[in-house]
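Working through the structure, step by step
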Amino acid sequence: MNKWKTKKTVVNQPSKRPTLAGEGFLGRTRYYFNRALNNIRQNVFVNVVTIGTIALALLIVSLFLLVFVNMESAAENWSERVQVTVYFDHELSTQEQAAFRGKIGALPGVSQISYVSRDEALKRFKNRLRGQETLLEGVQPEILPTSLEITLKRSSRDTLSVEQFVTALKRMPGITEVQYGEEWVRRFNLFLNFMRLVGALLGAFLLVAVIFIVSNTIKLTIYARRDELEVMSLVGATKFFIKAPYLVEGIIQGGAGAVIAIALLFGLYELFLYNADSFLTFNPVTSGLLFLPVEYIGALLLAGVVLGFVGSLTSLKRFITI
Amino acid sequence: MIQLHNVSLAYQKDATALNSITLRISKGEFVFLTGASGAGKTTLLRLLYGALAPSSGQVLIDGQNVSRMTSSQIPLLRRSIGVVFQDFKLLPNRTVFENVAITLEVLGWGRADIGKKVLHILKQMGIESKINLTPQRLSGGEQQRVALARALVNDPKILLADEPTGNLDDANKNQILSIFKDANVRGTTVVVATHDRRLIENSHKRLVTLSKGDIVEQVENQENGCKPA
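Residues numbered from 1 in each chain as written. Chains lettered and ligands numbered in written order. Predicted model: local features only at pLDDT ≥ 70, side-chain atom pairs only at ≥ 80, totals over all residues.

1. Focus: the overall build of chain A
Under the convention used in this document: The helix and strand labels rest on DSSP assignments: H or I over at least four residues marks a helix, E over at least two residues marks a strand, and numbering proceeds from the N terminus. Exposure criterion: with C-beta atoms placed from backbone coordinates, a residue whose C-beta has 20 or more other C-beta atoms within 10 Å is buried, one with 12 or fewer is exposed, and one in between is partly exposed.
Scanning chain A for helices and strands turns up ten helices and four strands. Scanning chain A from its N terminus toward the C terminus, one meets helices and strands in the order α-α-α-β-α-β-α-β-α-β-α-α-α-α. Counting across all 322 residues of chain A, residues that qualify as buried make up 23%.

Here it is as structure tokens:
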């Protein structure tokens, strides 16, 4: 009851109050924005420090992401080699091929099936022995087996799925010999899982460190200007009125930091990584590294803005005491 | 205008800053609060602008109970109270104009109106030529006049001053005192906390003396002759 009563009290406003040109949603927004820009202009050093910290922190994160994205794409390429081959001792007729394709295609996880005829097999053999073709003189295609090469879908390339698939294949009538390099598949998948775990751990540590550093930097810069907060509250500013310009400032700092980080990353990429030597290259197919995809760049920008905003918000809470 | 009823305040359990103080200051009055350091002058002022809440008792400003205000009502209260301090509390990286304009920006005034009003008050204070300087380039007296301009620019009902002349020489003290008197003549209730006896003696105004959190002496309006209460 009492609380309700006190809320109804309206404190008298000073009498001489001219038309409120600065009021209204747009007017207020413009005021907060101008105030934020003025604050940046009047506190250049503080802002350079904050933007610099955010930029460096995000640059580290984005370099990590660049490595991660490239590792993933390399893994994608390597895993193309997870292939199951079914050998036959005779040339398959078109009907036989179609029948096998139908049956195998019905198994879960199959992405692509291709038939390797005897001639094709010999051609590949010759390719592998390039420079020593004389070794193959007199070799007839008939001594080579024909085969069906089965590529699996990405989700079915782990050790267990491959083994299940092969068991199902072996149960099919007419199929006798199946090869899939089990040891290689096992090791590759172990390696992949290990890399992902290390990546996730590193990424998590990095993220925590970045949040900690950025939020403390913002806290210090707001601490350095706590007199401003005090004066604002002395002249009767509401909490929101005091906070808003700082929040806008935080968003600008975060956005600017992210843009600088992305620009630096792109510069580094263009200078050094685009044509990286093979020792830096994870991908066996292409040379050099890929740049971050657009979604990642968008996410980095957003992360900067959110960091700036949330960092300012939590710091302000500590220093505004009305 | 200002009423305190049995106001006590303890910062810690056994250390009381104010002991059951009752004080009434009428509209348009000019009051000096005096007493040694630690007597409770600053605490009393802080109660008036809502920076502190009393441990017990009531603080009424213009009929409204400050001690029961929510944190969203305090800013509205402060818009009708101007406050100045010994250390001026000016923002070092803003110009004189911007320092004074803050008060009106908070009230939502438009830019053109702010410009006119700020120029007007700075002329009254005699520092209009310093409008684009930052406070560091001003003398102590000039800085205090900027602080006063900030406090008075929206014609507040009450002006509170905490040792306003503590850092100033005699000439500047008199100038500041005359600004207080001018504001008082225009209807603002003025409360000045100071231990500067000369300032008090020269002005012949009501005097409230605090000691260790108690009101020990009240001298009514000295202009009409001294009347110990």
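2. Some words on the sheet that holds strand β5 (residues 64-65) of chain B
Residues and elements named next belong to chain B. Basically, it comes down to this: Pairing between two strands requires that DSSP report at least two bridges joining them.
The four strands are arranged β2-β1-β4-β5 in an open sheet whose pairing can be described as antiparallel. Two strands in the sheet have a free side with no partner beyond their single neighbour: β2 (16-25) and β5. Here six bridges tie strand β1 (residues 2-10) to β2, and the two strands are oriented antiparallel to one another. The partner of Leu-9 across the bridge, within β2, is Leu-18.

3. Focus on the packing of helix α2 (residues 25-42) of chain A against helix α9 (residues 239-273) of chain A
Residues and elements named next belong to chain A. In plain terms, the rule: All axes are obtained by fitting lines to C-alpha atoms, using only the stretch in contact for helices, and the reported angles, taken between N-to-C directions, cover 0 to 180 degrees. Crossing handedness: left-handed means the near helix sits turned counterclockwise from the far one by under a right angle, and right-handed means the same turn made clockwise. Two residues qualify as a contact pair if the distance between their C-beta atoms, derived from the backbone, is within 7 Å. Three categories are distinguished: nonpolar for Ala, Val, Leu, Ile, Met, Phe, Trp, Tyr, Cys and Pro, charged for Asp, Glu, Lys and Arg, and polar for the others, with Gly belonging to the last.
Axis separation between α2 and α9 bottoms out at 8 Å; the angle between their running directions is 65 degrees. Crossing angle aside, the handedness with which α2 passes α9 is right-handed. Here Tyr-32, Phe-33, Arg-35, Ala-36, Asn-39 and Ile-40 of α2 come into contact with α9, specifically with Ala-244, Pro-245, Val-248, Glu-249 and Ile-252. Of the residues belonging to the contact of α2 with α9, the class tally is eight nonpolar, one polar and two charged.

4. Side note on the nonpolar core
For clarity, the threshold we go by: A set of buried Ala, Val, Leu, Ile, Met, Phe, Trp, Tyr and Cys residues, joined through C-beta atoms within 7 Å, is what we mean by a nonpolar core.
Judged by nonpolar contacts, the single largest core of 79 residues is most densely connected at Leu33(B), Leu48(B), Val100(B), Leu148(B), Ala149(B) and Leu160(B). Not counting the four nearest positions on each side in its chain, Val100(B) is found in contact with Val118(B), Ile121(B), Leu122(B), Val146(B), Ala149(B), Arg150(B) and Val153(B). One finds Ala256(A), Leu265(A), Ala303(A) and Leu316(A) within the second-largest nonpolar core, a separate group that totals 29 residues.

5. As for the packing of α9(A) against helix α10 (residues 294-319) of chain A
The packing of two helices is summarised by the inter-axis angle and the distance between the axes. Residues and elements named next belong to chain A. Defined as follows: To sort the angles, those under 35 degrees are grouped as roughly parallel, those over 145 as roughly antiparallel, those from 65 to 115 as roughly perpendicular, and the leftovers as oblique.
The interhelical angle for the contact between α9 and α10, taken along N-to-C directions, is 150 degrees, at an axis separation of 7 Å. By the criterion of interaxial angle, the relationship of α9 to α10 is roughly antiparallel. Of the two possible hands of crossing, α9 and α10 adopt the one that is right-handed. Of the residues belonging to the contact of α9 with α10, the class tally is 16 nonpolar, nine polar and two charged.

6. Section: the sheet that holds strand β3 (residues 146-152) of chain A
Strands belonging to one sheet form pairs held by backbone hydrogen bonds; the direction of such a pair is parallel or antiparallel. All names here are of chain A. Reading across from one edge, β2-β3-β1-β4 is the order of the four strands in this open sheet, with antiparallel pairing throughout. Two strands close off the open sheet at either side, each with one partner strand: β2 (110-116) and β4 (177-179). Across the sheet, the mean angle from the axis of one strand to that of its neighbour is 20 degrees, orientation sign disregarded. Inspection of the sheet shows β2 paired to β3 by six bridges, in the antiparallel sense. Across the sheet, residue Val-110 finds its bridge partner in β3, namely Leu-152. Sitting on the sheet, helix α4 (residues 94-105) touches β2 and β3, and the angle it makes with β2 is about 160 degrees. The sheet contacts of helix α6 (residues 159-170) involve β1 (83-88), β3 and β4, and relative to β1 the element is tilted by about 20 degrees.

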